[in-house]
Amino acid sequence: MATEDPANDPKADLLRYLRSAREALLWKLDGLTEYDARRPLTPTGTNLLGLVKHAAGVELGYLGDTFGRPSGEPLPWLTEAAETNADMWATAEESRADIVGLYRRAWAHADATIEALPLDTVGRVPWWPSGRDEVTLHHAVVRVLADTQRHAGHADIVRELVDGATGMDRGATSMPSDDPAWWAEHRARVERAARDA
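All values reported here derive from a predicted model rather than from experimental measurement.

Chemist: Tell me about the packing of helix H1 (residues 10-27) against helix H5 (residues 137-163), and please be specific about residues and values.
Modeler: Contact pair H1 / H5: the axes reach a minimum separation of 9 Å and the direction vectors enclose 25°. The orientation of H1 relative to H5 falls into the category roughly parallel. Crossing of H1 against H5: the hand is left-handed. Residues Leu 14, Tyr 17, Leu 18, Ala 21, Arg 22, Leu 25 and Trp 27 of H1 form the contact with H5, whose own contacting residues are His 138, Val 141, Val 142, Val 144, Leu 145, Thr 148, Gln 149, His 151, Ala 152, Ala 155 and Arg 159. Class assignment for the residues of the contact of H1 with H5 results in 12 nonpolar, 4 polar and 2 charged.

Chemist: If you had to explain the packing of aromatic side chains to someone new, which residues and values would you point to?
Modeler: Under the criterion given, the structure shown has 4 aromatic pairs. Both rings, one in Tyr 62 and one in Trp 127, keep their centres 4.9 Å apart while their planes meet at 80°; by these two values the pair is edge-to-face. Taken together, the residues Tyr 62 in helix H3 (residues 48-62) and Trp 127 in the loop between strand S1 (122-124) and strand S2 (134-136) connect sequence positions 65 residues apart. Consider the rings of Tyr 103 and Trp 107, whose centres lie 5.1 Å apart with planes at 75°: the pair is edge-to-face. One end of the pair is Tyr 103 and the other is Trp 107, both in helix H4 (residues 96-116) and 4 residues apart, which spans about a single turn. In this structure, Tyr 103 and Trp 107 share a single accessibility class: buried. One cation-aromatic arrangement involves Lys 53 over Trp 77; the distance from NZ or CZ to the ring centre is 4.5 Å.

Chemist: Break down the pattern of salt bridges for me, with residues and values.
Modeler: Going through the model one piece at a time under the given rule, you end up with 16 salt bridges. Of the charged contacts, one joins Glu 94 and Lys 53 as a salt bridge, the two residues approaching to 2.8 Å between their closest N and O atoms. Of this pair, Glu 94 sits in the loop between H3 and H4 while Lys 53 sits in helix H3, and the two are 41 residues apart along the sequence. For Glu 94, a relative accessible area of 16% translates into the label buried. Judged by relative accessible area, Lys 53 falls into the buried class, the value being 2%. Arg 124 is paired through a salt bridge with Glu 134; the nearest N and O atoms lie 2.7 Å apart. Remark: Glu 134 occurs in strand S2 and Arg 124 occurs in strand S1; sequence separation between them is 10 residues. With a relative accessible area of 48%, Glu 134 lands in the partly exposed category. Several salt bridges share partner residues, and in doing so they unite Arg 19, Arg 22, Glu 59, Asp 111 and Glu 115 into one network.

Chemist: Outline the packing of H1 against H4, supporting the account with residue identities and numerical values.
Modeler: How two helices pack is summed up by the angle between their axes together with the distance between the axes. In contact at an axis separation of 11 Å, H1 and H4 are set at 175° when each is read in the N-to-C sense. The orientation of H1 with respect to H4, classified from their angle, is roughly antiparallel. Every residue of H4 that contacts H1 at Lys 11, Leu 15, Leu 18, Arg 19, Arg 22, Glu 23, Leu 25 and Leu 26 is listed here: Val 100, Tyr 103, Arg 104, Trp 107, Ala 110, Asp 111, Ile 114 and Glu 115. Its residues assigned to classes, the contact of H1 with H4 shows 9 nonpolar, no polar and 7 charged.

Chemist: Talk me through the nonpolar core; I want residue IDs and the actual numbers.
Modeler: Within the largest apolar cluster, 26 residues are counted, with the highest numbers of intra-cluster contacts made by Leu 25, Leu 26, Leu 29, Leu 48, Val 52, Leu 102 and Tyr 103. When residues in this core are grouped by element, the largest group, 7 residues, is from H3. The contact partners of Leu 26, leaving out residues within four places of it in the chain, are Val 52, Val 100, Tyr 103, Arg 104 and Trp 107. Residues Leu 14, Ala 21, Val 135 and Leu 137 belong to the second largest nonpolar core, which totals 19 residues.

Reading guide: rules and limits
- Residues numbered from 1 in each chain as written.
- Predicted model: local features only at pLDDT ≥ 70, side-chain atom pairs only at ≥ 80, totals over all residues.
- Heavy atoms only, no water.
- Axes fitted to C-alpha atoms, helices over the stretch in contact; angles between N-to-C directions.
- Helix = DSSP H or I, 4+ residues; strand = E, 2+ residues; numbered from the N terminus.
- Parallel < 35°, antiparallel > 145°, perpendicular 65-115°, else oblique.
- Left-handed = near helix turned anticlockwise from the far one by under 90°.
- Contact = heavy atoms within 4.5 Å.
- Nonpolar A, V, L, I, M, F, W, Y, C, P; charged D, E, K, R; others polar.
- Phe/Tyr/Trp six-rings, centres within 6.5 Å; stacked < 30°, edge-to-face > 60°.
- Buried < 20%, exposed > 50% of the residue type's maximum accessible area, 1.4 Å probe, protein only.
- Lys NZ or Arg CZ within 6 Å of the ring centre and 35° of its normal.
- Salt bridge = Lys/Arg side-chain N within 4 Å of Asp/Glu carboxyl O.
- Core = buried A, V, L, I, M, F, W, Y, C linked by side-chain atoms within 4.5 Å.

It is worth stressing that arrangement in space is one thing and function is another; only the former is reported here.
Right under this line is the structure:
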């Protein structure tokens, strides 16, 4: 019996890129103080731990509830009674360990859904309008992957603002230099170009 070439397996591709995006988002918390993991660094309050909390809810919703596979995880910040934007920041009572643990459980739950169902399985997104709430598993995975990558990009910028750390992980920054003098000159060059435009 011939086995399918893993290089041609769309599910494996989606999972590989989703797992990479998750890890990129999560490592941005490594080595930070509680304050730095939580503090808002943009006018809209973007913060690292809030991005992780949000990503956990997205995965549990789109790759759980949507396909009739509720996780059983309590997400009080997503109820109608919750404060607006409550999924984008951590209260003092929500520990980093709790949020990271929730995110890892969301990964396992989402991965189990992806592995259990064909990509053409149709689900219903509970928070979308009736009649326009159907989505395939393939679409839902792409949506979650795009959302996770988007927020990993936010985390890249926020972490760089905190302590200068960049890249997808500590060992693979993909940056052209680690010399602060090079970066100072590069930034000055970009600033000059912006002023001269």
